[in-house]
Amino acid sequence: MTLVSIRHLTARRTIRGVRLLAALIAIPAILAASAPSAVATESAAGRKDPARAITSQLICPCSCGEILSGCTCETGKSMQGYVTNELSKGKGKEEITAALVAKYGEVILGAPKAEGFNLIVWIAPFVATAIGFVFAALVLRRWVKRRAMAGPGGLATAGAPLTAAAEQDQVDRRARVEAELKRLRE
Amino acid sequence: MSEIGKLALFLGFLCSCYAVGAFAVGLRTGMAGPLRSGRRAVWIVCGLTVLATIILVRALVARDFSYRYVAEHTSLDLPKMYAFSSLWAGQEGSLLLWLLILSAYGAVFLWAYRKRLDPFYDAVAMVVASVMVFFTSLLSFVSPPFRILATPPPDGNGLNPLLQDPGMMIHPPILYTGYVGFIIPFAFGIAVLIMNRSGTRWIEEVRRWTLFNWMFLGFGVLLGARWAYIELGWGGYWGWDPVENASLMPWLVGTAFLHSVMIEQRRGMLKTWNVVLIVLTFELSIFGTFLTRSGVLTSVHSFAESNIGPWFMAFILGSSTIATALILYRKALLESENRMDAVVSREGSFLFNNVLFVALAFATFLGTTFPILSEAVTGSKISVSAPFFNRVNVPIALVLLMLTGIGPVLSWKRATASVMKRNFIIPIFVGIVATLACLPFGLHGIYPIICVFGAAFVMSTVVMEFARGVQARKDIEPPATPAALLHLVQKNKRRYGGYIVHVGVVMIFVGVLGSSVFQKEAHAPLQPGQSMAIGPYALTLQKVEEKQILNATQTRAEVQVSRDGKRLTDMYPAKAMYTKSQQPMTEVALHQTAAEDLYLILGGVNEDGSASIQAYINPLVGFVWMGGIVMVIGTIICLADRMRLRREEKLLVSEEKLLAS
């Protein structure tokens, strides 16, 4: 096999490798990232409690800072009562939440609305992860190519750079030992 | 006595400054005298901090209200053990505990390397001493714990009732042991840069220190969760509170480091990245202390609010600038010959693992600090709480769970298709079967399905790894015996210890899944004799009574619990009104089994005499705590592996002999 064909084969393998690993990681990532609304309703559906579906997304307006559904302070309890009461009047989740936001401000929402400046907090983590993945994949490809460019000889002397580093390490260590012994004799 | 305490801290400050100076002179000139003197100064700081702590603890236990700190955080009716633990109830005491642990780390470090005369270790000690300068100056000039009141009050304000819990006696010291401990890896990293030191030996030493701190921090975080579960009374244990997030962030970045350091050890790669991770872990642990103690963010944990914020910010900015400058200055030292055989390899998967851990830490950091940023930009207040983190962090964490299964079974350098097929077909099959088996029990939603699949997948890869290992040793001893398994772990502690840690992680995922998705809740006002039902349990209120306990009046409900018609136990959810704070505190009643917890809260006693009982069934929540213990066991096994260090040590000793002869 010629050197060119080996390189060609390695490059192909690399691309296949990047795709395979990316697929292994990306499939659950895409599934998970595409489902924010699914989980939002899931916790509510899991408990079959419409009041909790609302209160688990809100923060107690007093200084306790707790999620309303689990809040045990007096303000929290009266707010929970308010939500149940409004539900019994036939009002919907959006309507009740909007009324509370109008009264207390957006600070009552457990998570900010994904609009305006606050869009950043929703998007940045996923964008950062994606950039990280792309960067890692590119770096990996470059490293694998570098290895492939070293050719079969490079493969045969797989430990070459390490040996050089190890040699340097030995030289350094010897110098250190000498310095230590010098200090010991002082 | 308070004067002695003040003096001890001030002398500690002077000694820390002296230590930094002495180390700097010694390192620059190569003279042994200043280095020895610097080491002694670190010991002295440790001694002085112990003295200051003893004085403050004595005052707390004796309720000497002439001390402002004692008057603010204790009272005469406070039980003695909580008087002791009120050392870390306020800002000054917490900072003193920080300094105590920091100086103890300094002393332990010097003790561990007492036989080594290599100035590299002095450079490490110099970095530790520099951080000591910061904390001793804070305690001496900004936030002194020994302030005296002109007219001592007859009684103190008392301790925050939330902190009057046995969990709070051990949670902060354990958490701090982890937090503060990251100073040692940080100091190693900075010392390597200062001393322009090449080689891989330091990285093995750093790995062990990091593992130790990481274990304490992780365990501390879980203890905090357990405390929240028992003490806060909202049925859960993790609320994505800023202080919880603060402790999670360094743990996440530390975990990334513990993985990527393996690549550096094996392949000499990622040197710069690893130093960046060490620095980031340390800065995040300082940031955590800053969040907890500065009161910048509203949080149930921020008991103390003060003006130390700018000092911390200055320290974080200063130290990270110095670290960045050093990394750039020593670029050549950190350059490595990065080559890889294949993308699909353990190295490849570790790189993606690092991206995910750092992304998770970033998402947590952004979410935690975003309310301040948003308010500064838009002028309106917002909250970023559990509903946000559950949507953003959970998917990233689930991908990490999948990688926990994929990474360790890929071979180093190159994973061939046949190896992958052999390693993955059974786990994927097990994952699918487990998911299908859970569907009839109400499993639905994309996250829970991925979680069940991932947990089964990871567990089967780990079991297969153990089975393969035992099988490979069948010539030495018959396979599948407990002894064979034990010997397998003994032979390769790092590898199998790591797998055990992964088992712990899976258990935590299972526990979180069970207790969040399958949690059941019911609440009702009950008159004595009335019953309510939740799941298979019937809860009958027997009576409500008032009791006087040490420093509180307790309203206690007696609830008879039956399961499937059979009487099971009596439970006593209560509300306590603490004499000092006059705040009603919820006291949860728990009935724990391996499968689920029955969690009862007394909401209050209504005007008609009925008691509001709130009940939760938290399935599998015990797995979270057990998972934590399994992780600790796995980490201890990893730490027990000293093979590599011993080999290096032997080499060094033989070289020293050779040179001496």
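Throughout this description, residue numbers start from 1 for each chain and increase along the sequence as written. As a convention, the first chain written is A and the first ligand written is 1, with the rest following in written order. Reporting of local features is limited, given that this is a predicted model, to residues whose pLDDT is at least 70; pairs of side-chain atoms are given and counted only at 80 or more, and all residues count toward the totals for whole chains, interfaces and linings.

Moving on, we come to the environment of glutamine 57 of chain A. The helix and strand labels rest on DSSP assignments: H or I over at least four residues marks a helix, E over at least two residues marks a strand, and numbering proceeds from the N terminus. With respect to the helices and strands, glutamine 57 of chain A occurs in the loop between helix H3 (50–55) and helix H4 (74–88). Given 23 C-beta atoms within a 10 Å radius, glutamine 57 of chain A is considered buried. Separated by 14 residues in sequence, glutamine 57 of chain A and cysteine 71 of chain A place their C-alpha atoms 12 Å apart. Throughout, a pair of residues is in contact if the C-beta atoms placed from their backbones lie within 7 Å. Residues in contact with glutamine 57 of chain A, not counting those within four places in the same chain, are Leu109 and Gly110 of chain A together with Pro387 of chain B. To sort residues by exposure, count the other C-beta atoms lying within 10 Å of each residue's C-beta; 20 or more gives buried, 12 or fewer gives exposed, and values between give partly exposed, all with C-beta atoms placed from the backbone.

It is worth spelling out the confidence of the model for chain B at this point. All names here are of chain B. Scored from 0 to 100, pLDDT records how confident the predictor is in each individual residue. When pLDDT is averaged along chain B, the result is 87; 94% of the residues meet or exceed 70. Low confidence marks residues 299–304, where pLDDT is under 50. Its contacts with residues over four positions away, or in another chain, come to 21 contacts. Here the predicted complex scores 0.87 on pTM and 0.84 on ipTM.

On to the pairing of strand E5 (residues 566–571) of chain B, then. All names here are of chain B. Pairing between two strands requires that DSSP report at least two bridges joining them. Here strand E4 (residues 552–563) runs beside E5; their pairing, made up of five bridges, is antiparallel. When the sheet's bridge partners are listed, serine 562 is paired in E5 with arginine 567. Between the end of E4 and the start of E5, which pair antiparallel, lie two residues, with aspartate 564 showing a positive phi angle near 50°.

What follows covers the domain arrangement of chain B. For the purposes of this description, domain bounds are those given by an automatic or database domain assignment. Taken domain by domain, chain B comprises domain 1 (1–164), domain 2 (165–336 + 350–359) and domain 3 (520–619). Look at where the C-alpha atoms of domain 2 of chain B and domain 3 of chain B centre, and you get two points 40 Å apart.

Okay, the sheet that holds strand E1 (residues 520–526) of chain B next. Residue and element names in this part refer to chain B. A sheet is described by the order of its strands in space; here four strands give the open sequence E1-E10-E9-E8, paired in antiparallel fashion. Every interior strand has two partners, whereas the edge strands, E1 and strand E8 (589–592), have only one. Going across the sheet, the axis of each strand differs from the next one's by a mean of 15°, ignoring polarity. In the sheet, strand E9 (residues 596–605) pairs with strand E10 (residues 611–619) via nine bridges, with the strands oriented antiparallel. Residue pairing in the sheet places isoleucine 601 in a bridge with glutamine 614 of E10. Between N-to-C directions, angles cover 0 to 180 degrees, with each direction set by a line fitted to C-alpha atoms, over the stretch in contact for helices.

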